[in-house]
Every structure is written in C-alpha cells, then in structure tokens.
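These are the residues of each chain, in order.
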Protein chains: 2
Amino acid sequence: MASSLLTRQLAISLQQNLRLAAPGSRYVSKTATKTVSEFEYDAPSMKTAVPGPKSQELLRQLGEIQNVGAIHFFCNYEESRGNYLVDVDGNRMLDVYTQISSIPIGYNHPALIKVMTNPNNVSAFVNRPALGILPPENFPEKLFESLLSIAPSGMNRVQTMACGSCSNENAFKSMFIWYRNKERGYASPSEQEVGTCMINQSPGCPDLSILSFMGAFHGRTMGCLATTHSKAIHKLDIPSFDWPIAPFPKLQYPLEEFVRENAQEEARCLEEVEDLIVKWRQKGKPVAGIVIEPIQAEGGDNHASPDFFIKLRNIARKHGCAFHVDEVQTGGGTTGKFWAHEHWGLDDPADIVSFSKKLLTGGYYHRDELQPDKPYRIFNTWMGDPSKNLFLSEVLNVIRRENLLEEVTRSGKALLQGLYSLQTQYPHILSRARGQGTFCAIDACSDATRDSIMLKARNKGLFMGSCGEKTIRFRPALVFKEYHVHQLLNILNDILAEHK
Amino acid sequence: MASSLLTRQLAISLQQNLRLAAPGSRYVSKTATKTVSEFEYDAPSMKTAVPGPKSQELLRQLGEIQNVGAIHFFCNYEESRGNYLVDVDGNRMLDVYTQISSIPIGYNHPALIKVMTNPNNVSAFVNRPALGILPPENFPEKLFESLLSIAPSGMNRVQTMACGSCSNENAFKSMFIWYRNKERGYASPSEQEVGTCMINQSPGCPDLSILSFMGAFHGRTMGCLATTHSKAIHKLDIPSFDWPIAPFPKLQYPLEEFVRENAQEEARCLEEVEDLIVKWRQKGKPVAGIVIEPIQAEGGDNHASPDFFIKLRNIARKHGCAFHVDEVQTGGGTTGKFWAHEHWGLDDPADIVSFSKKLLTGGYYHRDELQPDKPYRIFNTWMGDPSKNLFLSEVLNVIRRENLLEEVTRSGKALLQGLYSLQTQYPHILSRARGQGTFCAIDACSDATRDSIMLKARNKGLFMGSCGEKTIRFRPALVFKEYHVHQLLNILNDILAEHK
C-alpha cells in the first residue's frame, strides 16, 4: 500500500539523517515534511521556566483547597492548539503526554468546536439524563455510529460509564455475575444467597477473584485497585482483596536479539498463571476473570508478544475464566490500530474490552453471555454522558477523514527509529526504546536522570510523561505528525548532548 | 420573615381546602397561585400510553446493545422544559423523579443554555483536562465561586470527582489514609508496608473497615458496594468486605405520636454502633470511618432525628473514626437547606461530605486533616470535569437569584400536607407520609399497589420514583412550585379514587 511504502521511505531517510548526526551534535532531520494543520502552531515557544510566576501564584491559591503536589503547571486551554499546550505564563509546549493520554485529536480541534456550537447539540449538554432509565431519542443511533462502529471483533454490546475506573469496576462485576450464573446453572439465586449478600457474606457475596498481573494498572477504586500493582503510593493503607497476581513478562530489548530468552520468560509467566488459577480455586476463591493491559502503561510500558496473549486467552477459556482486556490507555488508535489487541490477530480476542481516556466516555464492550441477566445489576445514575458520545462521533469522523491511524503508524515508526538512534548515541543514558504506533517509551539509567531530562525538556518546550521506575512515556495525540517527531527528537537530543 | 409567613399562610389555606374535599372527590386547591416560569409548560399532556410506540421501537433497537429492563421510555430532551419531561411519543409529564434526583433547576433552563452558548466556555468543553496535573487557569476561581461558596460548616477543602461512586470511593480512601497515618504516628510507612501493599496484603493493605447502616446506599463500585445494603440485586454475586453494618432506626409515623418509641429505637441503634466498633476492633478490622446518609433514599426514605446524628457524630469522635456524611442524593437544596445535615444544627457536622447528582459534578469536602499527606494518593486521570463546574456556578446563581431554597421549603410543606391529607383520605392504601423540603415520600400498602399507582400516574402525566420495598419517592427539581404540587396531588387523588 502506498502509505506504508511512504512510511518505510521516510523511516529510511530518517535513519540516513541519523547516521549523519555526530554524537552531541544537533539532531537535524532534513527530509521531514512540515505538515502543520492550519489550526495549530508550528513550534514550541518558551517565555519562562516552567512553572512560571502565574502558575506558581495559582498553585498557591489551589493549595488552600487541595493537595497540589502532582500539578505541573496551569494551562491556558483557550490558546492551546493541536499538539501544543499553552500555559498561563505564555509558554507553548509540544505536548506528548496529552492529559495522561486522554486528548484524541489535539487541543481545540475545529471539528469538536463545531459540536459545541451546533444548536442541535445544546440539549445533550444541559440535560444530562439517567441513561439507564430515560435515554434520549438518539441514544441507540449515536451508539451505533460511535462506539459500535469501532467495536472489537466478536462484540456487539457496549455499556457506557463515566470513567476508566467505573468501566473496570463494572466489567469486573459483569464477570462475577456471569461466573456465578454459570455455577448455579442459571437457576434463581437461593434465599440464602439473597439474604447473605445484604450483609456482605458468602454465598451471596461469594469469594471470587480476578487474576491480575504485577505491574498492572486498572484504576484506583477499591475493586480496580485490587488488580493494580504498579506503584505503592496507589495502594498503601487501602484495604484490598486476596486475589492472585501473576508475573508479567520482563522482556529483554532489542526483542530480535533475545527471542529465545523472551519466549522462555513468557512461558514462565503463563505457567504461573495456570498455577495461580488452580491454587486460588483450591483456596475457595475461584478466578472469575483475568484482566490485562495489551501494554502495561503506568507500570512502565511493558510489552509482551502476541503469542503470549493468544496463549493467555486460551488459558482463560480452558479454566472457565472471563478474559478482560483493559484498553483504557492503549485504545483509541494510538498503537496504529484502533485497539491494541488487534495486533494479536485473534478472531475472539476477549470477552470484555474496557475503554476510556481518548474515547472521551468510559465504558466496556462485552460478548452476549457477559450481559447481566437482570436490569439494575449493572447500573448507576448517569451510566456515561451522551454529550461525550457526541464528541466521540466527531473524533471518529476526523480519524477516518484524515486517515489518522496511518498517520500514527508513520509517526510512530519515525519516533521509534529516532529513539533507537538516541539510545545508540547515548547508551550510558538511554536504553530499551520500545513502542507500537506512537505508544512509545524509553528508559533512562535512573529515576533521577529520567526526571532531570523531563524537567529540562519541559523548559525547552517538550512536555512528556513518565511511568514505571525510570521510563519516559510518549503519548501524543493522533494528530502527531512526523514534523512533530522531529521537533521532539531535536529537543531531546539537545538535552542529552548537554547531559552530564 | 415574610417568606416563611407566606409559607405558613399557604399551608393553612391548603389544609382548609383539603378539609373541604370529600373522600374520593377530586382534590381541588383554590388558593394555589399559578407561578409557571416563562420558559416551561403549564400542565402535563398525554397522547399515548407510556411507553408509546416510538419508545417501544427504540427499546427494541437498544435491546440489541444493552439490557434495557430498567428503561421507562425514551425522551425528547429538546422539547422538555422546567418540571416537564417530554417523551419521544409527544407525552409531556410532570417529572418529580428528575433523572434519579440529578436535575437541579429543571430541563433546558435558559441560564444553562447561556453557559453553552457563551464562546468563553467552549474551551472547557472541548479540552477536558487531567485536573490533578494540568488544571485550567480559572480552576481555583471556579472552585471558589461554585463549590467553596456552598461548603459545609468547617470545611474549606474540596476534591472533585466524576460521579457519586467515585466520590465515595475516594472519600473512603481518604479516611483509610488518615486513619493509618494516625496509627503510625505520621511516620513514613515501613518497608514491609510498602512491599506488602503491592500484593494486596496487610500491613500495607490493612484490615480496616467502614461502618455503614442497613438500608444504606452509597454506590455500586466495590468499595461503595460494601457499604450499600438497600437491595439484594445490587450486591448479589459481587465479592465484598467483612465490614460492620449497624441497624438504621426504623421510626414510626407520625413522629409526634411516637416520640418515646422512636427515641428508644434510635438509642438501640446507637448502642449497636458502639458495640460494632468495639467488636470489629477486637476482630483486627478497626473502623476507620462511619458513613451515613442524612436520609436513606434508595433504602426507602428512612429518616432519623437530629439528635440521632448528633450522638452518632460524637460516637465517631469518641472512637477515633472519621464521620462521612453522604449527601449525594440529599445535597443541593432539595431538603430546603443546601445540605440536609444543616438541619442537625451542628458546628462540626462531619469530617467528609460527599456529593454528586444535583451538583452536576461529583466530589467531596473534607476537613484539613483528611487531606492526603502526599500527591497521587487520591488521584485519577480526570478528577472531575471543569465543564460541569461551569454549569454548577450558574445553577448556584439561579438558586440565589430565584430564592429557590425558600421555594423548596414552601413547595415541600404543601407537598407534605397534601400527602398527609391523601393518607387520611386513603388509609387502606397510603401511610407514613414523610419528608423534608420537597424530599418527600409515602408508602403504599404493598409493592404491587405502589407499582400500579406509579404506572397509572405515568399514564396520566405524573412521573415519580420508587424506593425501598413499597415507597414512592418525590424528587422534583428545585424549580418545583406550589402550582406543580397541586397538579401532582390532583393526579394522585384521581388515581387513588379509582383504585380498587
């Protein structure tokens, strides 16, 4: 296909350029075409160190109301455009973190502004319905044209929710309900079950479990948190469930040099999964479902091979556990396919797929069998927000119209090639460049070095995210083009060249 | 004050009218002033039975995607106005359920439409930020002018969240963090704590508990669900925590006839609370917090006296438990005060107050001590939605400008008086009329009768909610006026007169 040919050509020219760059010299990409959309800026522009004086004053004000320790700076969203985030001190940064990966097509995209200014849409914003009891007339139609039009293979059912955590909580509940219905042969629950559930006791509230992986992040409400194992600060002091936790493969990079070792590592983890399923069944806490991210994001951008996921899916089936793929961070096109699990090449990749962030609404798709047998089992007041579905419809139109998945594949290849080159140039600082689409990451030699690089980059107009112990993660919007890749690489190269 | 004088006068004339109404005759309120706002309709208007043919066709369509068993009908929100909800078949109903009590000032209020059409606000809708790391410039200002301007007594700190469940989940987490910090003398966590929390084990994930009440509803995510005990269908098949559950007082009505019995009942429940706190401490699962609704809503509109709450608050303090008042349904003005707990007359009513629904954004207020010591302990991607804060600011302006709390007090008295009269007229069908402001309820003699009354009312243009086993709950918007009360009572009276 023409586009992938172009991608390859660009990747080759990029590599050629990199070979020209002497260590420490400014990274210059001569072949990169400047493809700035008409609505965005063409480069970062910095006026103060970040956070600047206005951000600092606002931090002080907000500090009277909230813990502000996680705040980077305050933003001028009105002035932000496309890939460029503008702060309150007038600094304009290339944003490759995009609100923790939740901005699909950049800031103030004209298509989204049109949704807002279309008088037909006003009612959806000012009258938020209780979707589970009184949906608006266009709700089925909007679901078909938005979420159902991008449904993962084998899934025709979708439940919207307000956020990623609610999506996973309710996906877990669906798996528990499904599992117990199977166990009781689809008969009505006993009086004892109905009675004991009211006081949190089994058999009504059964000792079922969800198997998760070390390094996983599935959210922070208490059900989700029991499957999250990325950082202690998320979990410390919060009561949890005794649920099984399997090791996630720790692959060695570059993958092509460690084929045998990595295959062994994945086999070891899969064996452990089966052992845990058996062990927890013996303990009286059977595994109702397995939850996994296609790429562990918060946990450090940890990848596994399609083969690993295919075998895991089979293990789930073999043991009668539902298989839940959490695409909250990986979904929405950032890996070059709409869902990261599409890279596995399976016809029936999952029983449940949850989403949020770039989809603008939370929710999950599921197979028919995973639909609760009765109303009010999966329920809450809002069950999502139809105004977010309106935005999502328009985002999908833009993705299709502008061929953004191809764009992501192209930019992602350029980005990964660039990261490979940087780690070749600076092997004492960088390692383990990895990625799929623009969902890329690279490790620094220590957390202190990582943090220092990120702060320096921010002051030069490049805003990145971190994850794991010493990883920089790249989570640009889908409108991130090769031109932006080169801006990013140039800034990074400058910092690395100066790095002591 | 003039307004409460007026309220009393109207209540008296209403009572006089009721005395004139013979049993079975049409309820006619002669003194009620017609105070229809210029933007709404003046009465219900029915064209088909509900759900009508269009709703039924849409139900079929949506049934291919979701369980639709809880859906009443599909709505035409564009045509809905004020207290009147219009369905897709052109039926216009007086809505006293308001999207499970989540519409503060009626449908399509002109003030809210203005928020949408103000170009300065567009950016807040199309660029949803990760509030915990990159808030917009006006975020502190908007918090001060919206949520902080209505902060409960003794609370200057507020954390926004996306929905009621997330609010309670994070409120619980704040209480656990606070409790453990106290226990460890505000020292750093041990290595063992940091290590064990990653695998869901104590001491890192400690065996702490939240004490809740039978009949309570605090949400459906797994932490919240462990404190929810209103209906089995919410809890069946979902694993839970072994947390203590105290009895909520079962008061006898009318309250003035059962003063001694009710005081004894409340004393019995408080004694049980203390016993449970001691018992769970001995079990090694200390109670970090007590959570309670000022009026149990989902559980059946169960009230308790201010004295009960005052003593409960003291018990919490005595045993070192945080006291969390869940105002998700009671907050926002519907009881005649902005927060239902203001009726208790305490200077320090709570340590945490959570909200959602009518506030349009979820969240919770808390005392300074309940603020987490470190960033990222209470955190998620969105942490609310600034576009909801914009709407809330405007809702608060309308509440102040139109004196809606006084209006609620006035309409509430008329409603409760009307319900008293109906239960006097139809003692074989109705009993236990109760309420505060317009947050009113009445019991039917059975669940079947309750459901039958509700369906008949719906077909006559009155849309109500249910709760508990056989209760009808009234949850009108704050723009519900005496004129609407009389429409409601007339329809109910017609149905009751015909009831076999």
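Rules and cut-offs
Residues numbered from 1 in each chain as written. Chains lettered and ligands numbered in written order. Predicted model: local features only at pLDDT ≥ 70, side-chain atom pairs only at ≥ 80, totals over all residues. Heavy atoms only, no water. Helix = DSSP H or I, 4+ residues; strand = E, 2+ residues; numbered from the N terminus. Rg over C-alpha atoms; globule rule 2.2 N^0.38 Å. Buried < 20%, exposed > 50% of the residue type's maximum accessible area, 1.4 Å probe, protein only. Areas by Shrake-Rupley, 256 points an atom, 1.4 Å probe, with all protein chains shown as cover. Contact = heavy atoms within 4.5 Å. Buried area = accessible area lost by both parts, 1.4 Å probe. Salt bridge = Lys/Arg side-chain N within 4 Å of Asp/Glu carboxyl O. Polar contact = N/O pair within 3.5 Å; in protein donor to acceptor, adjacent residues only side chain to side chain. Phe/Tyr/Trp six-rings, centres within 6.5 Å; stacked < 30°, edge-to-face > 60°. Least-squares fit on C-alpha atoms with pLDDT ≥ 70 in both. Pairing = 2+ DSSP bridges. Axes fitted to C-alpha atoms, helices over the stretch in contact; angles between N-to-C directions.

Visitor: So, the overall build of chain A: which residues are in play, and what are the values?
Guide: Summing up its helical and strand segments, chain A has 16 helices and 14 strands in all. Rg of the C-alpha trace for chain A: 23 Å, near the compact-globule value of 23 Å for 500 residues, within the 12% margin. Judged by the C-alpha coordinates and their principal axes, chain A covers about 75 × 60 × 55 Å. When burial is assessed residue by residue, chain A has 66% of its 500 residues classed as buried. Per element, the accessible surface of chain A, about 17100 Å² overall, is 51% carbon and sulfur.

Visitor: Could you give an account of the interface of chain A and chain B, with specific residues and numbers?
Guide: On the side of chain B, 117 residues touch chain A, which itself brings 117 residues to the contact. Of the roughly 10700 Å² buried at the junction of chain A and chain B (both faces included), carbon and sulfur atoms supply 63%. Summed over the shared surface of chain A and chain B, the result is eight salt bridges. Among the salt bridges present, the one from Asp237 of chain A reaches Arg180 of chain B, with a minimum N-O distance of 3.9 Å.

Visitor: I'd like a description of the environment of Glu193 of chain B, backed by residues and values.
Guide: As for its position among the elements, Glu193 of chain B is in helix 8 (residues 191-197). Owing to a relative accessible area of 5%, Glu193 of chain B belongs among the buried residues under this scheme. It is 56 Å that separates the C-alpha atoms of Glu193 of chain B and Lys481 of chain B, two residues lying 288 residues apart in sequence. Contacts of Glu193 of chain B, omitting those with residues within four sequence positions, involve Leu236 and Asp237 of chain A together with Arg180, Arg184, Pro203 and Gly204 of chain B. A polar contact is formed between the side chain of Glu193 of chain B and the side chain of Arg180 of chain B, at a distance of 2.4 Å.

Visitor: Quick one: what's the story with the packing of aromatic side chains, residue by residue and with numbers?
Guide: The final tally for this structure, using the stated rule, is 41 aromatic pairs over all chains. Plain terms: the ring middles of Phe125 of chain A and Phe125 of chain B are 5.5 Å apart, the flat faces sit at 85° to each other, and that makes the pair edge-to-face. A residue pair is termed interchain when its members come from two chains, as with Phe125 of chain A in helix 5 (residues 122-126) and Phe125 of chain B in helix 5 (residues 122-126). Of the two residues, Phe125 of chain A and Phe125 of chain B, neither departs from the other in class, the shared state being buried. When the ring of Phe213 of chain B is compared with that of Phe308 of chain B, the centres are 6.4 Å apart and the planes differ by 70°; the resulting orientation is edge-to-face. One end of the pair, Phe213 of chain B, is in strand 4 (residues 209-213); the other, Phe308 of chain B, is in helix 12 (residues 306-318), with 95 residues separating them in the sequence. Among the aromatic side chains, those forming a connected cluster through ring pairs are Phe172, Phe176, Phe241 and Trp243 of chain A together with Phe176, Phe241 and Trp243 of chain B.

Visitor: Please give an account of the relation of the copies chain A and chain B that cites residues and values.
Guide: Screw-axis analysis of chain A against chain B gives a translation of 0.0 Å along the axis, an RMSD of 0.0 Å, and a rotation angle of 180°. Taken together, the rotation and translation relating the two chain copies correspond to the operation of a two-fold axis. Relative to the rotation axis, the C-alpha of Met222 of chain A is the closest in chain A, positioned 2.9 Å from it. Both copies present the same face, since 100% of the interface residues in chain A are matched by interface residues at the equivalent positions in chain B.

Visitor: Tell me about the sheet that holds strand 3 (residues 157-161) of chain B, and please be specific about residues and values.
Guide: Within a sheet, each strand pairs with its neighbour through backbone hydrogen bonds, oriented either parallel or antiparallel. Residues and elements named next belong to chain B. Strand order in the open sheet made by the seven strands is 3-9-8-7-6-4-5, with mixed pairing throughout. Two strands close off the open sheet at either side, each with one partner strand: strand 3 and strand 5 (245-246). Sheet analysis places strand 7 (residues 322-326) next to strand 8 (residues 352-355), joined by three bridges and oriented parallel. By the bridge assignment for strand 8, Val325 is matched with Val353. Here helix 11 (residues 259-282) sits on the sheet and contacts strand 4, strand 5 and strand 6 (287-292); the angle it forms with strand 4, its principal contact strand, is near 155°.

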